[in-house]
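Understanding the architecture of this molecule
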Amino acid sequence: MGEQKERMLRGELYRDNDPELEAERERAQRLCDEFNRSEAGDRAGREATLRALLGKFGEGSWIRPRFQCDYGYLIEIGTNSFLNFDAILLDCAPISIGNDVSIGPRCQLLTALHPMADHELRRQRWETAAPIRIGNNVWFGGGVIVCPGVTVGDDTVVGAGSVVTRDLPPKVFAAGNPARVIREL
(Lines give C-alpha, C1' and ligand atoms only; values in the text may rest on other atoms or scores of the structure.)
Protein backbone atom coordinates (compact mmCIF):
# COMPACT_ATOMS: atom_id res chain seq x y z
CA MET A 1 0.00 0.00 0.00
CA GLY A 2 1.36 3.38 -1.01
CA GLU A 3 1.89 6.43 1.18
CA GLN A 4 -1.05 8.45 -0.18
CA LYS A 5 -3.54 5.60 0.37
CA GLU A 6 -2.22 5.09 3.90
CA ARG A 7 -2.63 8.81 4.58
CA MET A 8 -6.19 8.74 3.18
CA LEU A 9 -7.16 5.77 5.34
CA ARG A 10 -5.72 7.48 8.46
CA GLY A 11 -7.77 10.64 7.75
CA GLU A 12 -4.66 12.73 7.04
CA LEU A 13 -3.97 15.08 4.15
CA TYR A 14 -3.35 13.07 0.97
CA ARG A 15 -3.10 13.66 -2.77
CA ASP A 16 -6.12 12.31 -4.65
CA ASN A 17 -4.15 12.22 -7.94
CA ASP A 18 -1.90 9.43 -6.66
CA PRO A 19 -1.66 6.64 -9.32
CA GLU A 20 -2.68 3.90 -6.85
CA LEU A 21 -5.81 5.82 -5.82
CA GLU A 22 -6.62 6.67 -9.43
CA ALA A 23 -6.41 2.96 -10.35
CA GLU A 24 -8.70 2.04 -7.46
CA ARG A 25 -11.24 4.68 -8.53
CA GLU A 26 -11.12 3.36 -12.11
CA ARG A 27 -11.82 -0.17 -10.84
CA ALA A 28 -14.78 1.11 -8.84
CA GLN A 29 -16.06 3.07 -11.84
CA ARG A 30 -15.91 -0.04 -14.03
CA LEU A 31 -17.97 -1.98 -11.46
CA CYS A 32 -20.42 0.93 -11.07
CA ASP A 33 -20.77 1.05 -14.87
CA GLU A 34 -21.42 -2.70 -14.95
CA PHE A 35 -24.05 -2.37 -12.22
CA ASN A 36 -25.71 0.65 -13.84
CA ARG A 37 -25.92 -1.11 -17.25
CA SER A 38 -27.41 -4.30 -15.79
CA GLU A 39 -30.86 -5.52 -16.79
CA ALA A 40 -33.75 -4.61 -14.51
CA GLY A 41 -34.59 -8.24 -13.68
CA ASP A 42 -31.01 -9.37 -13.07
CA ARG A 43 -31.06 -9.16 -9.27
CA ALA A 44 -28.44 -11.93 -8.88
CA GLY A 45 -26.06 -10.23 -11.33
CA ARG A 46 -26.52 -6.86 -9.67
CA GLU A 47 -25.92 -8.35 -6.24
CA ALA A 48 -22.74 -10.11 -7.45
CA THR A 49 -21.41 -6.82 -8.84
CA LEU A 50 -22.20 -4.98 -5.61
CA ARG A 51 -20.50 -7.69 -3.55
CA ALA A 52 -17.37 -7.30 -5.73
CA LEU A 53 -17.51 -3.51 -5.34
CA LEU A 54 -18.50 -2.88 -1.73
CA GLY A 55 -16.72 -3.72 1.52
CA LYS A 56 -19.94 -5.27 2.87
CA PHE A 57 -23.37 -5.75 1.32
CA GLY A 58 -25.87 -7.25 3.77
CA GLU A 59 -28.46 -9.91 3.01
CA GLY A 60 -31.75 -8.57 1.69
CA SER A 61 -30.28 -5.17 0.77
CA TRP A 62 -30.62 -3.64 -2.65
CA ILE A 63 -29.61 -0.59 -4.64
CA ARG A 64 -31.34 0.89 -7.67
CA PRO A 65 -29.21 2.28 -10.50
CA ARG A 66 -27.64 4.79 -11.00
CA PHE A 67 -25.16 4.26 -8.22
CA GLN A 68 -21.77 6.01 -7.97
CA CYS A 69 -18.90 5.78 -5.51
CA ASP A 70 -15.18 6.53 -5.36
CA TYR A 71 -13.65 3.27 -4.09
CA GLY A 72 -16.47 0.98 -2.94
CA TYR A 73 -14.44 -1.08 -0.49
CA LEU A 74 -14.87 1.61 2.20
CA ILE A 75 -18.68 1.23 2.08
CA GLU A 76 -20.47 -1.18 4.40
CA ILE A 77 -24.23 -1.70 4.07
CA GLY A 78 -26.13 -3.77 6.64
CA THR A 79 -29.04 -6.14 6.09
CA ASN A 80 -32.39 -5.21 4.53
CA SER A 81 -31.25 -1.72 3.52
CA PHE A 82 -32.25 0.16 0.38
CA LEU A 83 -30.62 2.92 -1.69
CA ASN A 84 -32.94 4.43 -4.28
CA PHE A 85 -32.03 5.89 -7.69
CA ASP A 86 -28.95 8.10 -8.17
CA ALA A 87 -27.17 7.51 -4.86
CA ILE A 88 -23.71 9.07 -4.69
CA LEU A 89 -21.36 7.81 -1.97
CA LEU A 90 -17.95 9.50 -2.01
CA ASP A 91 -16.08 7.02 0.16
CA CYS A 92 -12.63 8.51 0.69
CA ALA A 93 -13.26 7.51 4.33
CA PRO A 94 -15.47 4.69 5.61
CA ILE A 95 -19.22 4.93 5.10
CA SER A 96 -21.24 2.64 7.36
CA ILE A 97 -24.96 2.16 6.68
CA GLY A 98 -26.83 0.10 9.28
CA ASN A 99 -29.63 -2.44 8.98
CA ASP A 100 -33.12 -1.59 7.71
CA VAL A 101 -32.05 1.79 6.30
CA SER A 102 -34.03 3.48 3.51
CA ILE A 103 -32.20 6.10 1.48
CA GLY A 104 -34.34 8.11 -0.93
CA PRO A 105 -33.49 9.04 -4.52
CA ARG A 106 -30.58 11.36 -5.29
CA CYS A 107 -29.07 11.22 -1.81
CA GLN A 108 -25.38 11.96 -1.34
CA LEU A 109 -23.03 10.75 1.40
CA LEU A 110 -19.83 12.79 1.04
CA THR A 111 -16.70 12.05 3.09
CA ALA A 112 -14.18 14.24 1.21
CA LEU A 113 -12.89 17.49 2.70
CA HIS A 114 -10.69 20.07 0.97
CA PRO A 115 -8.49 22.68 2.69
CA MET A 116 -10.63 25.78 3.13
CA ALA A 117 -8.16 28.45 4.22
CA ASP A 118 -5.00 27.07 2.60
CA HIS A 119 -5.59 27.91 -1.05
CA GLU A 120 -2.25 26.51 -2.19
CA LEU A 121 -2.87 23.08 -0.63
CA ARG A 122 -6.26 22.97 -2.35
CA ARG A 123 -4.69 24.00 -5.67
CA GLN A 124 -2.15 21.16 -5.28
CA ARG A 125 -5.04 18.67 -4.85
CA TRP A 126 -4.47 17.82 -1.18
CA GLU A 127 -7.57 16.67 0.70
CA THR A 128 -8.72 14.77 3.78
CA ALA A 129 -11.80 12.74 4.54
CA ALA A 130 -13.97 11.97 7.55
CA PRO A 131 -16.18 8.87 8.01
CA ILE A 132 -19.98 8.82 7.90
CA ARG A 133 -22.04 6.46 10.06
CA ILE A 134 -25.76 5.87 9.48
CA GLY A 135 -27.45 3.90 12.28
CA ASN A 136 -30.15 1.23 12.03
CA ASN A 137 -33.69 1.89 10.78
CA VAL A 138 -32.84 5.37 9.46
CA TRP A 139 -34.88 6.93 6.64
CA PHE A 140 -33.61 9.70 4.35
CA GLY A 141 -36.11 11.48 2.12
CA GLY A 142 -35.08 12.30 -1.44
CA GLY A 143 -32.10 14.55 -2.06
CA VAL A 144 -30.58 14.41 1.44
CA ILE A 145 -26.89 15.36 1.59
CA VAL A 146 -24.76 14.07 4.47
CA CYS A 147 -21.47 15.93 5.03
CA PRO A 148 -18.12 14.47 6.16
CA GLY A 149 -17.77 13.20 9.71
CA VAL A 150 -21.49 12.96 10.47
CA THR A 151 -23.18 10.22 12.49
CA VAL A 152 -26.95 9.71 12.26
CA GLY A 153 -28.48 7.83 15.20
CA ASP A 154 -30.78 4.80 15.04
CA ASP A 155 -34.45 5.29 14.12
CA THR A 156 -33.91 8.85 12.86
CA VAL A 157 -35.76 10.34 9.87
CA VAL A 158 -34.25 13.12 7.75
CA GLY A 159 -36.62 15.19 5.60
CA ALA A 160 -36.21 15.51 1.84
CA GLY A 161 -33.67 18.04 0.62
CA SER A 162 -31.93 18.38 3.98
CA VAL A 163 -28.20 18.98 4.36
CA VAL A 164 -26.86 17.15 7.41
CA THR A 165 -23.77 19.01 8.64
CA ARG A 166 -23.71 17.74 12.28
CA ASP A 167 -24.44 14.52 14.13
CA LEU A 168 -28.11 13.68 14.67
CA PRO A 169 -29.23 11.76 17.77
CA PRO A 170 -31.37 8.62 17.69
CA LYS A 171 -35.15 8.75 17.29
CA VAL A 172 -35.61 12.26 15.91
CA PHE A 173 -37.04 13.89 12.82
CA ALA A 174 -34.60 16.41 11.37
CA ALA A 175 -34.90 18.65 8.32
CA GLY A 176 -33.55 21.80 6.76
CA ASN A 177 -30.32 23.35 5.54
CA PRO A 178 -28.50 22.85 7.75
CA ALA A 179 -30.61 20.04 9.16
CA ARG A 180 -31.86 20.57 12.70
CA VAL A 181 -33.96 18.42 14.99
CA ILE A 182 -37.65 19.23 14.54
CA ARG A 183 -39.05 16.74 17.04
CA GLU A 184 -38.44 13.46 18.82
CA LEU A 185 -39.94 10.29 17.41
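In what follows, the structure referred to is the one given above.
Residues numbered from 1 in each chain as written. Predicted model: local features only at pLDDT ≥ 70, side-chain atom pairs only at ≥ 80, totals over all residues. Heavy atoms only, no water.

Quick look at the sheet that holds strand E10 (residues 108-110)
If you trace the five strands from one edge of the open sheet to the other, you get E4-E7-E10-E15-E18, paired in parallel fashion. Strand pairing shows two members of the sheet lacking a second neighbour, strand E4 (67-69) and strand E18 (163-164), which therefore form its edges. Looking at chain direction, strand E15 (residues 145-146) and E18 are connected through two bridges and run parallel. Along E18, the bridge assignment pairs Ile145 with Val163. (Pairing = 2+ DSSP bridges. Helix = DSSP H or I, 4+ residues; strand = E, 2+ residues; numbered from the N terminus.)

Notes on the packing of aromatic side chains
Tallying each qualifying case throughout the model produces three aromatic pairs. Measuring from centroid to centroid gives 6.5 Å for Phe35 and Phe67, while their planes differ by 85 degrees, and the two rings are edge-to-face. Highlighted residues: Phe35 in helix H2 (residues 19-37) and Phe67 in strand E4, separated in sequence by 32 residues. In terms of burial, Phe35 and Phe67 fall into one category: buried. Taking 5.9 Å as the distance between ring centres and 55 degrees as the angle between the ring planes, the aromatic pair formed by Tyr71 and Tyr73 counts as tilted. Of the residues examined, Tyr71 reaches a relative accessible area of 1% and is grouped as buried. (Phe/Tyr/Trp six-rings, centres within 6.5 Å; stacked < 30°, edge-to-face > 60°. Buried < 20%, exposed > 50% of the residue type's maximum accessible area, 1.4 Å probe, protein only.)

Quick word on the packing of H2 against helix H3 (residues 43-53)
The contact between H2 and H3 brings their axes to 9 Å, and the two run at 165 degrees. Here H2 lies roughly antiparallel to H3, going by the angle between them. The handedness of the crossing between H2 and H3 is left-handed. Each of Arg27, Ala28, Leu31, Cys32, Glu34 and Phe35 in H2 lies in contact with H3, whose residues at this interface are Arg46, Thr49, Leu50, Ala52 and Leu53. Across the contact of H2 with H3, the residue classes break down as seven nonpolar, one polar and three charged. (Axes fitted to C-alpha atoms, helices over the stretch in contact; angles between N-to-C directions. Parallel < 35°, antiparallel > 145°, perpendicular 65-115°, else oblique. Left-handed = near helix turned anticlockwise from the far one by under 90°. Contact = heavy atoms within 4.5 Å. Nonpolar A, V, L, I, M, F, W, Y, C, P; charged D, E, K, R; others polar.)

A few points about the state of the cysteines
Under the counting rule described, the total for this entry stands at zero disulfides. Not engaged in a disulfide, the cysteine Cys92 finds its nearest cysteine sulfur in Cys69; these two sulfurs lie 10 Å apart. (Disulfide = S-S within 2.5 Å.)

Describing H2
Spanning 19 residues, H2 covers 27 Å between terminal C-alpha atoms, matching the ideal 27 Å at 1.5 Å per step. In this structure, the buried residues of H2 make contact with helix H1 (3-9), strand E1 (14-15), H3, strand E3 (62-63) and E4. (Expected span 1.5 Å × (residues − 1).)

Quick look at H3
An α-helical segment advances 3.6 residues per turn. Residues three or four places apart therefore align on the same side. Every buried residue of H3 is accounted for by Arg46, Thr49, Leu50 and Leu53. Projected down its long axis, H3 carries its buried residues within an arc of 100 degrees, all on one side. Buried residues along H3 sit against H2, strand E2 (56-57), E3 and E4. (Arc of directions from axis to C-beta.)

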